[in-house]
Amino acid sequence: MLKLVSRQALLVVVSASLYACGAPSLEEGTAPEYGSSVQSLTSSLTFTRNISTGDTVFTNTVSSGPAPYTYYWQTTETQSWNGNVYVSGWYQGSSPEHFYCPRAPVRGEEYLWSLKVEAYAVDANGVASPVVYKTLPCSIPW
């Protein structure tokens, strides 16, 4: 047997059932928020190298996220002649940072060490980008 009920009573029963099932509670005039499409902060690492001086400039370019950005860097130098590894540890810097890494080995030159440069950035909201890195061979002319 089917019994008629008022719309208001039916609305209360349905709302209570949805709330009990974990649905978000709604106030009049609002819509549920199941998540937002926030883009994560990303870093991109590029470099230029002056062949004659060895000055190598790495630039960390940030996309997404509000400025200002804080940039962090770390270098790892591996010496090929003795296997020693030197890690700078993370330090705060600017978007472009200068490092010494003479041109890559060519005929008549020997590969002496590798330079790994790692970087990430943090935006104004405190969101950090993933770490990006590049490794370059470094040598000096004989």
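The structure this text deals with has already been given above.
All of the points below concern the structure found in this document. (Residues numbered from 1 in each chain as written. Predicted model: local features only at pLDDT ≥ 70, side-chain atom pairs only at ≥ 80, totals over all residues. Heavy atoms only, no water.)

**A few points about the environment of T70**
In step 1: Summarising the element assignment, T70 is placed in strand 3 (residues 70–79).
In step 2: In the structure, T70 is positioned 53 residues away from D123 in sequence and 6.5 Å away in space, judged by C-alpha atoms. (Helix = DSSP H or I, 4+ residues; strand = E, 2+ residues; numbered from the N terminus.)

**As for the packing of aromatic side chains**
How two aromatic rings sit relative to each other is given by the distance of their centres and the angle of their planes.
In step 1: All told, the structure shown has 7 aromatic pairs when counted by the stated rule.
In step 2: Taking the centre distance of 6.2 Å and the plane angle of 25° together, the rings of Y100 and W113 count as stacked. Highlighted residues: Y100 in strand 6 (residues 96–100) and W113 in strand 7 (residues 109–122), separated in sequence by 13 residues.
In step 3: Relative accessible area serves as the criterion here: at 9%, W113 is assigned to the buried category.
In step 4: Three or more aromatic residues joined by ring pairs form one cluster here, namely F47, F58, W73 and F99.
In step 5: The ring of Y133 carries the charged tip of K116 above its face, separated from the ring centre by 4.5 Å. (Phe/Tyr/Trp six-rings, centres within 6.5 Å; stacked < 30°, edge-to-face > 60°. Buried < 20%, exposed > 50% of the residue type's maximum accessible area, 1.4 Å probe, protein only. Lys NZ or Arg CZ within 6 Å of the ring centre and 35° of its normal.)

**With respect to the sheet that holds strand 1 (residues 42–49)**
Strand pairing in a sheet is mediated by backbone hydrogen bonds. Such pairs are either parallel or antiparallel.
In step 1: Taken in spatial order, the 3 strands make up an open sheet running 1-2-6, and their pairing is antiparallel. Looking at strand neighbours, the two that pair on one side only are strand 1 and strand 6, the edges of this open sheet. Going across the sheet, the axis of each strand differs from the next one's by a mean of 25°, ignoring polarity.
In step 2: Pairing of strand 1 with strand 2 (residues 55–63) involves 8 bridges; the strand directions are antiparallel. Residue T48 lies in a different strand from strand 2, and its bridge partner there is V57. (Pairing = 2+ DSSP bridges. Axes fitted to C-alpha atoms, helices over the stretch in contact; angles between N-to-C directions.)

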